[in-house]
Amino acid sequence: DISNIQIWSEFKYGRCCLPLLNLAAQQDYDGYILTGYSDIWEYDELRENPDAGIRHQLYRTYLEMAQSYDKPLFVLPTKYEWQDALQWINELLLT
């Protein structure tokens, strides 16, 4: 998802290049799933931010961007509740 690259580019470098912004504007999905925010930080080689304030800020940025698309949005409370997300996807596909 180009939106992910856009958010990280803006967060890390304070800007995003025009080609990526154009690609992000062209994306069109049926809906979005956003994993919830947690104060608990577990080490993972792909995670950069043990600071809860930064993680909350990034979560709000992702949430606001997903809401701006005016598409169905499912916020997955924790990474362990995928059954709820799968049910939401099935319902979305049937409508």
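Here the structure is shown first, and the text comes after it.
These remarks concern the structure in this document. What you are looking at is a predicted structure, and each value in this text was computed from that prediction instead of being measured. Within any chain, residue numbers begin from 1 and follow the written order of that chain's sequence. For a predicted model such as this one, the threshold for reporting local features is a pLDDT of at least 70, and the threshold for listing and counting side-chain atom pairs is 80 or more; totals across whole chains, interfaces and linings nevertheless cover every residue. Heavy atoms from the whole structure form the basis of all side-chain values; hydrogens and water molecules are not counted.

### Side note on the pattern of salt bridges
Stage number 1. Definition used for salt bridges: Asp or Glu carboxyl oxygen within 4 Å of a side-chain nitrogen of Lys or Arg. All chains considered together, the criterion is met by one salt bridge.
Stage number 2. Between K71 and D28 there is a salt bridge, with its nearest N and O atoms 2.9 Å apart. Highlighted residues: K71 in the loop between helix 3 (52-68) and strand 2 (73-76) and D28 in the loop between helix 2 (18-26) and strand 1 (32-35), separated in sequence by 43 residues. A helix here means a DSSP run of H or I that spans at least four residues, while a strand means a run of E at least two residues long, and both kinds are numbered starting from the N terminus.

### Thoughts on the layout of surface pockets
In this approach the atoms are scanned with a rolling probe the size of a water molecule, which exposes any empty space left behind.
Stage number 1. Computed over the protein atoms alone on a 1 Å grid, cavities are sets of points where a 1.4 Å probe fits but cannot get out and pockets are open sets with protein on both sides within 12 Å along at least five of seven lines; a residue lines them when it has an atom within 4 Å of a point. Grid points are joined across faces, edges and corners, and a volume is the space filled by probe spheres set on the points. The calculated volume of the largest pocket comes to roughly 1,000 Å³.
Stage number 2. Considering the residues around the largest pocket, the lining is formed by 33 residues, among which T35, G36, Y37, R47 and Y59 are closest to the centre.
Stage number 3. At the level of secondary structure, the elements contributing two or more residues to the lining of the largest pocket comprise helix 1 (2-13), strand 1 and helix 3.
Stage number 4. In terms of residues, the lining of the largest pocket owes the most to one element, helix 3, which gives six residues.

Interpretation in functional terms is not warranted from these geometric data alone.
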